[in-house]
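# Observations on chain architecture
Chain by chain, the residues:
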Amino acid sequence: MAITYEVIPVEKAEECRALCNELMVFQKSRAWIKAELFDSMNFDTRMVPSIKNAVHNHIVLVKDNDENIGYVYSSISPKWAYSNDFATFFDLSSVEGEHVGSLSQFYIKDGYRKHGIGSKLFQLSMNWLSEFDYVKDRFIFVSNGNDDALEFYKRKGFAVSHQILDGFITVLRNK
Ligand SMILES: CC(C)(COP(=O)(O)OP(=O)(O)OC[C@H]1O[C@@H](n2cnc3c(N)ncnc32)[C@H](O)[C@@H]1OP(=O)(O)O)[C@@H](O)C(=O)NCCC(=O)NCCS
């Protein structure tokens, strides 16, 4: 393995297209509540709108030689972006300021997991979010059935806050 980590500008987010689409397929494969909702989720419907709604974006792409093998996408967004036709992701009044941080998308290809790459990406995401000291609230949204990810985030210090959409998503936050 020749693993490299590269922060890429949003103009190059397209490089994450295949990985993002794989993440949706993975999440559908694990889900037992409303799994069909993933059918309409892909790079164009998830990552592109998230980037547009955010005020700051951060993407770290992981490569093994020239092959893209993982990424983490984090953002700082206005809290209103989390209340829409699909769901209200959290009680907006529970958020101190106008903006929230989130680790929005996270995926390592099968075969590269459990080598510490996810922990490194998680730390890079948290370091970047920490740069925005006016943003006190951080969220991670985990779809049902993905208990491995849920436990991973808990071990990294996040706590389960609540569930939305009849358990389709578990909301984790930093406090
Ligand atoms: C969740 C995910 C990003 C974590 O990435 P990862 O690279 O597997 O994470 P790490 O290797 O840093 O840590 C995973 C575990 O492997 C262990 N590990 C790390 N290096 C290791 C090594 N060299 N040998 C054995 N185990 C190791 C870690 O201790 C950790 O154990 P823990 O979960 O019990 O704490 C990854 O599993 C993934 O992409 N999963 C599929 C998509 C997904 O679920 N995304 C999240 C959506 S919310």
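Heads up: the structure comes first, above all this text.
Summarised in this report is the structure supplied together with it.

For the rest of this paragraph, the subject is helix α3 (residues 117-130). Here α3 spans 20 Å end to end across 14 residues, near enough to the 20 Å set by a 1.5 Å rise per residue. Within α3 the residues assigned to the buried category are Ile117, Gly118, Leu121, Phe122, Ser125, Met126, Trp128 and Leu129. An end-on view of α3 places all buried positions within 165° of arc, on one side of the element. Looking at the buried residues of α3, the elements they touch are β1 (3-8), β2 (56-64), β3 (67-78), β4 (99-108), β5 (138-143) and α4 (147-155).

So, about the site of the ligand. Lining the immediate surroundings of the ligand are 19 residues, of which Ile108, Gly116, Gly118, Ser119 and Arg155 lie closest. Taking Phe106, its main chain carries an N or O atom lying 2.8 Å from a nitrogen atom of the ligand. Lys114 places a main-chain nitrogen or oxygen 2.8 Å from an oxygen atom of the ligand. For the ligand, the accessible surface in isolation is 930 Å², of which the surrounding protein chains cover 70%. Contributing elements (two or more residues each) for the shell around the ligand: α1 (17-30), β4, α3 and α4. If you tally residues by element for the shell around the ligand, the top one is α4, at four residues. When its residues are assigned to classes, the shell around the ligand shows 10 nonpolar, six polar and three charged.

Definitions and limits used
- Think of each chain on its own: its residues are numbered from 1, step by step along the sequence as written.
- Only residues with pLDDT of at least 70 get local features here, since the model is predicted, and only at 80 or more are side-chain atom pairs given and counted; chain-wide, interface and lining totals rely on the full set of residues.
- Side-chain descriptors were evaluated using all non-hydrogen atoms of the structure, hydrogens and water having been removed beforehand.
- What counts as a helix is a DSSP run of H or I of at least four residues, what counts as a strand is a run of E of at least two, and both are numbered from the N terminus.
- Given the number of residues in a helix, its expected span is that number minus one, multiplied by 1.5 Å.
- The buried label goes to any residue with under 20% of its type's maximum accessible area, the exposed label to any with over 50%, and the partly exposed label to all in between, with areas taken from a 1.4 Å probe on protein chains only.
- Throughout, the arc means that of the directions going from the helix axis to the C-beta atoms.
- Whether two residues touch is decided by their heavy atoms; if any such pair falls within 4.5 Å, the residues are in contact.
- When at least one non-hydrogen atom of a residue lies within 4 Å of a molecule or strand, that residue is treated as near it.
- Between N or O atoms, a polar contact is any pair within 3.5 Å; within protein, one atom must be a potential hydrogen donor and the other a potential acceptor, and residues adjacent in sequence are included only when both atoms are from side chains.
- Surface exposure here means Shrake-Rupley accessible area, sampled with a 1.4 Å probe, where a residue is shielded only by the protein chains that are shown.
- By the convention adopted, Pro, Cys, Tyr, Trp, Phe, Met, Ile, Leu, Val and Ala count as nonpolar, Lys, Arg, Asp and Glu as charged, and the other residues, Gly among them, as polar.

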